[in-house]
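What follows is each chain in one-letter form.
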Amino acid sequence: MSAHGMSRNLVSYGDAGFSRFLRNAFLAAAGYGTEELSRPVVGIADLSSDYNPCHRQMGELVENVKRGVLAAGGIPFVFPTTSLGESFLNPTAMLYRNMLAMETEELIRAQPMDAAVLLGGCDKTVPAQLMAAAVSDIPVILDVVGPMLTSSWRGERLGACTDCRRFWARYRAGDLNEDEIGDVEVNLASTSGTCMVMGTASTMASVTEALGMMLPGGATPPSPSGERLRHGTATGHRAVELAREPVLPRDILTAEAFENALHVLAALGGSTNAVVHLLAVARRARVALTLDDFDRVSRETPLLVDLKPSGTRYMEDFHRAGGVRVLLKSLEAVLHIDHVGVAGRPLGEQLADVAPPAGWQDVIRTTGNPLGPPGALAVLRGSLAPGGAVIKASAASPELLTHEGPALVFDSPEDAARRLADPDLDVSEDHVLVLRNAGPVAAGMPEAGSLPIPKRLAAAGVRDMVRVSDARMSGTSYGTVVLHCTPESAVGGPLGLVRDGDRVRLDVPARRVDLLVDAEELGRRRELWRAPELPVRGWRRLYAETVLPASLGADLDFL
Ligand code: FES
């Protein structure tokens, strides 16, 4: 019989009996008795950190998960991992997603536990935990801290962070003064929890529920609610059952699970970041998911959920309307309903007692009465992105989805920030803003792709322009923004060859983004091109040397 509980993963002293004896001695010092230690051990990853205000109620959630574990006859062991607060990591939390994934994988593998509960929330935490879960040899179940509640300013409802960008754009354009933007600042994130629009955190929570890696109903309860805590308790309880069964993540993260998740992502008008994250999780789960699958499913699936930035509402509205379960009910006809997740029941059985979207509510729509057409997420190819690029068409300006204009090129996010704030910048609203050296190798792929509208044009009322880059953008952003161009400029991708004034054509209906410069001229430019220098040392060096392209999930090649 294989080892379980505290007899798992003994320290290698060359004497297993001594290793357990020593471990028992330290556990006794911590107050544990023999009976307790014979129970299933559930490790609970706690991502509390003062540098992550989105997680400020995680301690309370941890306590509820522990209660669930104890009530089910298990014993909880809480362990910390790195916490990634989206607005607290330079140059971008994305640079550390793979570090958290690796850390979580190793701590599950090295420490004694029969099952693991991974508690996340803020953008990069859940993808990292899914990546770790995908390669785990014990059962894993995820839960999240839940979204913030909305606030208001002068009677207008406010939420992070689509409204952060909207109000900042108004301030930049001179619509708001210092006092007014200061008032907005203290009202945008009014409670604990993650951004309450369909940004990356909400998207990844919803997608995790759709994958079957979270108990049903877990993606949407607001962070301050009792329902959030009760879901944590149920998660702890279920983790003990999984430890006894046991069902492994690789049994759950199947091709069918990803297909279901892609339908949910498309119907949500979810974050473009989910494309990179799901590709990374699928690669680890050995599921052959490609960019083309996102485009295919998106073409089949209309926009059904009215949440910012694609729509107008917030997560608490989505929750009141029934959340992911009601959305899944709406999509039931195209889902793999025999898929079984951590709940242990086929999806179809779970949905049997869920009512479809009712006439009284318009937050979650039926496929017969969608909010928008299929194609919320589109995958583009063309001479600017031979390996693929992504656009959130549902959050773009319809009149710009087909556009041709002259390029205005920025060599880095810093270059863009400096010049776009210059009121004398020579630019028209027809220009296509091109940002390079912002891909995974060059910069860790920051959320710099939704370049601000040049200050002079913003002041004149221009709200959107075509932007093209190898960067990402926040899931809370909006606009006609082509992202993740692959191969990225730092490894010789065509973005590195663009010059000011070159014609660029975007044609989303045809799924194309092209640089209209002849091959001979591009060949001449390529001979002059020089790769940027890589970071000199540490994690950033390892990352730059081993990170895969965005089209493969931007994981490290050895993971
Ligand atoms: Fe943490 Fe948005 S900043 S979820």
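The following refers to the structure shown. Note that the structure is predicted; figures quoted are calculated from it, not measured.

Further remarks concern the pairing of strand β1 (residues 41-46). Burial runs high along β1: six of the six residues are buried. Every second residue of β1 is oriented toward a common face, with V41, G43 and A45 on one face and V42, I44 and D46 on the other, all of them buried. In the sheet, β1 pairs with strand β2 (residues 75-80) via six bridges, with the strands oriented parallel. Bridge pairing in β2 links V42 to P76. The β-α-β motif built from β1, the intervening helix α3 (residues 58-71) and the parallel element β2 has right-handed crossover chirality.

One finds L211, M213, F258, L278, F294, F318 and L327 to be the most contacted residues of the largest nonpolar core, which totals 123 residues. Excluding residues that lie within four positions of it along the chain, F294 makes contacts with L262, L265, A274, V275, L278, L279, L289 and V379. By size, the runner-up hydrophobic cluster in this structure holds 28 residues, among which are L400, V498, V508 and V517.

The geometry of helix α8 (residues 200-211) relative to helix α11 (residues 255-268) is characterised by a closest axis approach of 8 Å and an angle of 145° between their N-to-C directions. You can see that α8 and α11 cross each other, and the crossing is right-handed. Residues T203, S206, V207, A210 and L211 of α8 lie in contact with α11, whose contacting residues are A257, F258, N260, A261, V264, L265 and L268. Among the residues forming the contact of α8 with α11, the class breakdown is nine nonpolar, three polar and no charged.

A few words now on the sheet that holds strand β4 (residues 140-144). Across the sheet, four strands lie side by side as β2-β1-β3-β4; this open sheet has parallel pairing. Of all the strands in the sheet, just β2 and β4 have a single pairing partner and so form its edges. Shown here is a sheet whose adjacent strand axes are inclined to one another by a mean of 20°, direction ignored.

Attention shifts here to the packing of helix α5 (residues 125-134) against α8. The description of two packed helices rests on the angle between their axes and on the distance between the axes. Axis separation between α5 and α8 bottoms out at 9 Å; the angle between their running directions is 30°. Regarding the angle of α5 to α8, the classification is roughly parallel. Regarding α5 and α8, the two cross each other, and that crossing is left-handed. Contacts between α5 and α8 involve V126, P127 and L130 on the former and, on the latter, M204, T208 and L211. Grouping the amino acids of the contact of α5 with α8 by side-chain chemistry returns five nonpolar, one polar and no charged.

The next subject is the packing of aromatic side chains. In the structure shown here, the tally under the stated rule is six aromatic pairs. On the basis of an interplanar angle of 65° and a centroid distance of 5.5 Å, the ring pair of Y13 and F18 is categorised as edge-to-face. A relative accessible area of 47% means that Y13 is categorised as partly exposed. Under the relative-accessibility criterion, F18 is labelled partly exposed at 34%. Each ring, one from F18 and one from F21, has its centre 6.2 Å from the other, and the planes form 40°; the classification is tilted. A residue pair is termed a helical-turn pair when its members lie 3 or 4 positions apart in one helix, as F18 and F21 do in helix α1 (residues 16-29) at three residues.

Analysis parameters
- Residues numbered from 1 in each chain as written.
- Predicted model: local features only at pLDDT ≥ 70, side-chain atom pairs only at ≥ 80, totals over all residues.
- Heavy atoms only, no water.
- Buried < 20%, exposed > 50% of the residue type's maximum accessible area, 1.4 Å probe, protein only.
- Helix = DSSP H or I, 4+ residues; strand = E, 2+ residues; numbered from the N terminus.
- Pairing = 2+ DSSP bridges.
- Right-handed = clockwise from strand over helix to strand, strands pointing away.
- Core = buried A, V, L, I, M, F, W, Y, C linked by side-chain atoms within 4.5 Å.
- Contact = heavy atoms within 4.5 Å.
- Axes fitted to C-alpha atoms, helices over the stretch in contact; angles between N-to-C directions.
- Left-handed = near helix turned anticlockwise from the far one by under 90°.
- Nonpolar A, V, L, I, M, F, W, Y, C, P; charged D, E, K, R; others polar.
- Parallel < 35°, antiparallel > 145°, perpendicular 65-115°, else oblique.
- Phe/Tyr/Trp six-rings, centres within 6.5 Å; stacked < 30°, edge-to-face > 60°.

In short, the description is geometric, and any link to function would need to be established separately.
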